[in-house]
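Observations on chain architecture
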Amino acid sequence: DGPHTALSGVAAQARLARLEGRLQWGVAARMVSRGFEANDAGFQRNADWLLATLDWKYQRFRPGRWLRRWSLGSTGSGIGWTTAGLRRASLANLTATADLANFWGGTLSLDHEFPAWDPEVLRGGPALRLPARDRFALSLYSDSRRAWQYTLDLDGAREAATGSRAFGISPGLSAFVTDRFQLGIIPRLAWDREGWQYVAQPGDSAGRTHYLLGRLRQTTVSLTARGTYAFSSRLTLQLYAEAFLSGGRYGGFSEVVAPGAAAAGDRVAPIGPGRITRETGTGRYVVDPGTPGTFGFADPAFSERALHLNLLLRWEFLPGSTMFLVWTEERLDRGVSDFSWRRDLGRLFRAPAGNAVQLKLSYWVSR
């Protein structure tokens, strides 16, 4: 609302929980009004929520022949509405954890998101009714008492009504290579195929706004590495590096025509190949809807490459008094293209670098 210069609202939360014994549980309720906004004092992703959740967990700690401990429960199961009564979330979760007798273990989490409305997915447009979605996350780990520890994280999702699916894999290594040198490496590879991904909301010459979705195919690769070397108990050198490559391309464009229709296929209308053309010079798409009012939108394909390096020297020159010397390098490159290993790696290391050196001293004053 343009004339408004301030927001006012209220947020409240209540929780009742049992935190001891084999069976633990908690119920919570939260309310955030539409006008509540606290980003000046922290972080707030959204507002307009009425939320009720239930958490529970049954756990056993008595070691057996195969298991040291195990638990079964639910985290984050609940239902939410807008303050106007529109159901915007409904989730059921089941989580199981187990530690084996050899100190290996893992956690499996299963989610089912029931059909619900999303008032934000069209970026200020009408609320869109989203179909059901299933998710899973599996985390495995080896014995943390060993000098070398291995982890494996797998996650995925499937939304049958829109053909969406996602899968990610992230193996990890944490090792004391020597008594002085510690190393950690976590690569990740993820594929996302999103059936209804927001693209744009262009207006046509007749003054009508069109809310467009597309089929997104995205690939993401990242690597996080950390190495620490201890020259002595008071002098250490640590290198932290994080590289990130991601790119996505769109196809199968469609227009939202009935955001609240009972059947998912009736909520959007595909834009056929005969109605959409791509300009060679600009890459812009032009759509002829078959009615007065041609409209267009920019190619939504994207790619992003980022590199972050930190080198930290820590010296405790007196008990309780420490000097930190930090060198930081940042590289960032963005473009309009899909994912390509060779091209993205080359552009990442050719991207302009920003460097900074910082010095911090902490001195303990005592009698």
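Everything that follows concerns the structure shown earlier in this document.
A brief structural summary. All values reported here derive from a predicted model rather than from experimental measurement. (Residues numbered from 1 in each chain as written. Predicted model: local features only at pLDDT ≥ 70, side-chain atom pairs only at ≥ 80, totals over all residues. Heavy atoms only, no water.)

Brief notes about the overall build of the chain
Here is the rule we go by: Only DSSP runs of H or I covering at least 4 residues are called helices, and only runs of E covering at least 2 are called strands; the numbering of each starts at the N terminus. Think of it in three bands: residues with accessible area under 20% of the maximum for their type are buried, residues over 50% are exposed, and the middle band is partly exposed, with areas taken using a 1.4 Å probe on protein chains only. Note on contacts: a residue pair is in contact if any heavy atoms of the two residues lie within 4.5 Å. Throughout, the Shrake-Rupley method with a 1.4 Å probe supplies accessible areas, and for residues the shown protein chains are the sole cover considered. Positive charges come from Lys and Arg, negative ones from Asp and Glu, while His and the chain ends are left out of the count. Positions of charges follow a simple convention, taking NZ of Lys, CZ of Arg, CG of Asp or CD of Glu.
When you go through the chain residue by residue, the secondary structure sums to one helix and 21 strands. Summarising its shape, the C-alpha atoms of the chain cover approximately 80 × 55 × 50 Å along the three principal directions. Burial status across the chain gives 33% buried among its 367 residues. For the chain, long-range pairs separated by at least 24 residues make up 53% of all intrachain contacts whose partners lie at least 6 apart in sequence. Per element, the accessible surface of the chain, about 22100 Å² overall, is 58% carbon and sulfur. For the chain, the separation between the mean place of its 45 positive charges and that of its 33 negative charges on side chains is 7 Å.

Brief notes about the sheet that holds strand 16 (residues 276–278)
Where we set the bar: A strand pair is defined by DSSP finding two or more bridges across the two strands. Axes, fitted as lines to C-alpha atoms, cover a helix only where it is in contact. Angles between the N-to-C directions of the axes lie from 0 to 180 degrees.
In spatial order, the strands read 16-17-18; together these three strands make up an open sheet with antiparallel pairing. Every other strand in the sheet has two partners, leaving strand 16 and strand 18 (295–297) as the edge strands with one partner each. Pairs of neighbouring strands in the sheet enclose a mean axial angle of 25°, with direction left out of account. Where strand 17 (residues 285–287) meets strand 18, three bridges bridge the pair, whose relative direction is antiparallel. The residue bridging Val-286 from the neighbouring strand is Gly-296, located in strand 18.

Quick look at the nonpolar core
Inside soluble globular proteins, nonpolar side chains tend to come together where they are buried. As a reminder of what qualifies: Nine residue types can take part in a nonpolar core, namely buried Ala, Val, Leu, Ile, Met, Phe, Trp, Tyr and Cys, and a core is a set of them joined through side-chain atoms within 4.5 Å.
Within the largest apolar cluster, twelve residues are counted, these being Val-199, Ala-200, Leu-212, Leu-216, Tyr-250, Phe-253, Ile-271, Ile-276, Tyr-285, Val-287, Phe-295 and Phe-297. Secondary-structure elements contributing two or more residues to this core are strand 12 (181–200), strand 13 (212–230), strand 14 (235–256), strand 17 and strand 18. In this structure Leu-212 touches Gln-197, Tyr-198, Val-199, Ala-200, Pro-202, Ser-254, Glu-255, Ile-271, Phe-295 and Phe-297, once residues within four positions along its chain are discounted. The next biggest cluster of nonpolar side chains, apart from the first, holds ten residues, and it includes Leu-122, Tyr-211, Ala-264 and Val-268.

Some points on the packing of aromatic side chains
Applicable threshold: Working definition: a ring pair exists when centres of Phe, Tyr or Trp rings (six-membered ring for Trp) sit within 6.5 Å. Plane angles under 30 degrees give stacked, over 60 give edge-to-face, the rest tilted.
One pass over the structure, following the stated rule, counts seven aromatic pairs. Taking the centre distance of 5.0 Å and the plane angle of 70° together, the rings of Tyr-229 and Phe-231 count as edge-to-face. For Tyr-229, a relative accessible area of 33% corresponds to the partly exposed category. Take Phe-231: its relative accessible area is 43%, and that puts it in the partly exposed class. Each ring, one from Phe-253 and one from Phe-297, has its centre 5.2 Å from the other, and the planes form 70°; the classification is edge-to-face. Of the two residues, Phe-253 sits in strand 14 while Phe-297 sits in strand 18, which places them 44 residues apart along the sequence. Judged by relative accessible area, which is 4%, Phe-297 ranks as buried.

A word on the pattern of salt bridges
Quick reminder of the rule: Each reported salt bridge corresponds to a side-chain nitrogen of Lys or Arg within 4 Å of a carboxyl oxygen of Asp or Glu.
Overall, the coordinates contain 18 salt bridges when judged by the stated rule. Between Arg-145 and Asp-143 there is a salt bridge, with the nearest N and O atoms lying 2.8 Å from each other. For Arg-145, a relative accessible area of 55% corresponds to the exposed category. We classify Asp-143 as buried; its relative accessible area is 3%. Here Arg-278 and Asp-299 are joined by a salt bridge, their closest N and O atoms 2.7 Å apart. Here the residue Arg-278 occupies a position in strand 16, and Asp-299 occupies one in the loop between strand 18 and strand 19 (302–318), the gap between them amounting to 21 residues. Accessibility expressed as a relative area gives 46% for Arg-278, which makes it partly exposed. Because the salt bridges share partners, they merge into one network encompassing Arg-305, Asp-333, Arg-343, Asp-344 and Arg-347.

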